[in-house]
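# Overview (structure and organization)
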Amino acid sequence: MTTNTLGKVAAVCSIVIIIGWAIYWGVQVQDTLCLLETATAEEVPECLENM
Amino acid sequence: MDIVFIFEWLDASWLSEFARTSAALFSMVQAVHILSMIMLCGMLILGDLRMLNVILTGVPSAIIIQNTKKWIYIALAGIILSGIYEASAIAMKLATNSFFWAKMAGLAMGIIFMLSVRSAVYSRAPEVIGANGPQSEAVEAWVVKLVAVANLLIWFSVAANGRWIGFS
Amino acid sequence: MLNELLLKFATWLDGFQSSTDLHEALYAYGWVEGTHVLTLTLFLGMLLVIDLRLLGVAFKELPASTLMERLDKPMMVGFIVMLISGALLFYAIPIRSTQSIWFRVKVVFIIAAGINALLIRNMTRSSDMSWDNDPVPPKRIRVGAALSLGLWILVVASGRNMAYDWWDCHKEMPHFMYWAAGCVNELAAFE
């Protein structure tokens, strides 16, 4: 593998990882906020259905 | 592919029974797991922050990265062995725990990424980052930094999911 | 007497609503504890690199002073986060923490590690650092580094043991342990 190709592969892999990371933790934060809302709300909030 | 049978086997094994007998020994194994994490993530952080040019700037990166390798391998061995011991005690609970699977996915990704892309890119770091003298073939600086950030994020996730298993 | 004072202080802290809120919150305590454990990788990770160099088993191509001076800042950043998160954890559950033999032991080890660090710093400052480029530093330095690693390992292990209730005040244990753990009320019941 040439250095040029390595650079491109590395860049793509890294960007995929970073975006995947952001999505995963974004979902975790969303779920956490939903559970917090469920704990304090009187009615079952909508977000629970999407979890 | 049904992996659950591995956990069923582990749950019924002598290791599982042994791990459940002594809480004191279990606690010591947990301490080994944490200490291995400190060694593993500490060495990775050292390398990644160096390649981000945040710490030890100007110090040849090749020396730093090369020196971390042995300790990363030692730490991985410690973390995996202690992890298996810990897992055997609560095997069936882990089989259905989403944080555990997220951690394992991260661990697999992290090891593969570290051994392949990260290793190859860091050994071809340009002079401006690596300070190893002029390089005939170098990867661009922004790619090196992207790799460093990606590695940090993966291992943060492994550790964070690991901690969250304890809360779930 | 110290035990009574500590328990009084802990009880006073326990009276604050924010202390109860932090303890009983769904996730806040977990995040603080997670931060405390994960920041170990920065704080003790950097210290590990320094100690391994001072032991002469790693990073031997680099001058010891380079690592000690240049890793000091990231290490201190980690240490400050450890202190703040640790203080918050204590504040959330002050009485149990104060009466935890493992917490007391942990604090003793941290103080010992701090003293050891100061001694190493004094040793390096007073020496001419002629050994700076030597792959293996002088024996006194190596002993200090080994002590540093040993003490911090004990700190981590003690911290981990805090979660177990083997020697909590409500348990039956040797009389000496009630005193060591500061179980003031249980000790008073004996009389």
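Residues numbered from 1 in each chain as written. Chains lettered and ligands numbered in written order. Predicted model: local features only at pLDDT ≥ 70, side-chain atom pairs only at ≥ 80, totals over all residues.

Okay, the overall build of chain C next. Tallying secondary structure elements over chain C gives ten helices and zero strands in all. Ordered by position in the sequence, the α and β elements of chain C form the string α-α-α-α-α-α-α-α-α-α. Projected onto its principal axes, the C-alpha positions of chain C cover 60 × 40 × 25 Å. A burial count over chain C gives 32% of its 191 residues as buried. Across chain C, every contact between residues at least 6 apart in sequence was considered, and the portion connecting residues at least 24 apart equals 75%. (Helix = DSSP H or I, 4+ residues; strand = E, 2+ residues; numbered from the N terminus. Buried ≥ 20, exposed ≤ 12 C-beta atoms within 10 Å, placed from the backbone. Contact = placed C-beta atoms within 7 Å.)

Another point: the overall build of chain B. When helices and strands are counted, chain B shows eight helices and zero strands. Counting helices and strands in the order they occur from the N terminus, chain B gives α-α-α-α-α-α-α-α. Dimensions of chain B, computed from C-alpha atoms along their principal axes, come out at roughly 60 × 35 × 25 Å. Each of the 168 residues in chain B was classed as buried or not, and the buried ones make up 45%. For chain B, the proportion of contacts with a sequence separation of at least 24, taken over those separated by at least 6, is 75%.

A few words now on the interface of chain C and chain B. Each partner contributes residues to the interface: chain C has 26 residues there, and chain B has 23 residues. The set of elements that each furnish at least two residues to the side of chain C that touches chain B consists of helix H3 (28-55), helix H4 (64-70) and helix H8 (139-161) of chain C. Its residues assigned to classes, the side of chain C that touches chain B comprises 17 nonpolar, six polar and three charged. (Nonpolar A, V, L, I, M, F, W, Y, C, P; charged D, E, K, R; others polar.)

Quick look at the interface of chain A and chain B now. Each partner contributes to the interface: chain A provides twelve residues, whereas chain B provides 17 residues. Taken together, the residues of the side of chain A that touches chain B break down into nine nonpolar, three polar and no charged.

The next point concerns the environment of Val121(B). In this structure, Val121(B) sits in helix H6 (residues 98-122). For Val121(B), a count of 27 C-beta atoms within 10 Å gives the class buried. Sequence spacing of Val121(B) and Val144(B) is 23 residues, and the spatial spacing of their C-alpha atoms is 6.4 Å. Here Val121(B) is in contact with Leu6(A), Ala10(A), Val139(B), Val143(B), Val144(B) and Val147(B), once residues within four sequence places are set aside.

Below, the discussion takes up the environment of Leu26(C). With respect to the helices and strands, the residue Leu26(C) is situated in the loop between helix H2 (17-24) and H3. What makes Leu26(C) exposed here is the crowd of 12 C-beta atoms within 10 Å.

All right, on to unusual backbone geometry then. The backbone of Asn53(B) shows a phi angle near 60°, a positive value even though the residue is not glycine. Summarising the element assignment, Asn53(B) is placed in the loop between helix H3 (23-51) and helix H4 (61-89). By the C-beta count within 10 Å, which is 18 here, Asn53(B) ends up partly exposed. Positioned with a positive phi, Met129(C) is a non-glycine residue whose angle comes to about 55°. With respect to the helices and strands, the residue Met129(C) is situated in the loop between helix H7 (101-126) and H8. Judged by the 14 C-beta atoms lying within 10 Å of it, Met129(C) is partly exposed.

A few words on the nonpolar core. In this structure, Ile38(B), Leu40(B), Val144(B), Val147(B) and Val49(C) are the most contacted members of the largest nonpolar core, which totals 74 residues. Apart from residues no more than four positions distant in its own chain, Val144(B) is found in contact with Met51(B), Val121(B), Ala125(B), Ile129(B) and Val139(B). Grouped together as the second largest cluster of nonpolar side chains are seven residues, Phe103(C), Cys169(C), Ala181(C) and Cys183(C) included. (Core = buried A, V, L, I, M, F, W, Y, C linked by C-beta atoms within 7 Å.)

Residue and element names in this part refer to chain B. The N-to-C vectors of H6 and helix H8 (residues 141-167) enclose an angle of 155°; their axes lie 9 Å apart at closest approach. Classed by the angle they form, the pair H6 and H8 counts as roughly antiparallel. Classified by chirality, the crossing of H8 by H6 is left-handed. Of the residues that constitute the contact of H6 with H8, the class distribution is 17 nonpolar, six polar and two charged. (Axes fitted to C-alpha atoms, helices over the stretch in contact; angles between N-to-C directions. Parallel < 35°, antiparallel > 145°, perpendicular 65-115°, else oblique. Left-handed = near helix turned anticlockwise from the far one by under 90°.)

Spacing of three or four residues puts side chains on the same side of an α-helix, whose turn is 3.6 residues. Taken as a whole, H6(B) carries its principal kink of about 40° at Met114(B). Those residues of H6(B) that fall on the buried side of the exposure criterion are Phe100(B), Lys103(B), Gly106(B), Leu107(B), Gly110(B), Phe113(B), Met114(B), Val117(B), Arg118(B), Val121(B) and Tyr122(B). Residues of H6(B) that are buried in the fold lie against helix H1 (3-40) of chain A together with H3, H4, helix H5 (91-95) and H8 of chain B. (Bend = angle between axes of the 7 residues up to and from the residue.)

When pLDDT is averaged along chain C, the result is 94; 100% of the residues meet or exceed 70. Reported confidences for the modelled complex are a pTM of 0.95 and an ipTM of 0.94. (pLDDT = per-residue confidence, 0-100.)

All names here are of chain B. Relative to each other, H3 and H4 sit at 155°, their axes nearing to 8 Å. One finds that H3 runs roughly antiparallel with respect to H4. The element H3 and its partner H4 pack so that their crossing is left-handed. A per-class count over the contact of H3 with H4 returns 20 nonpolar, nine polar and two charged.

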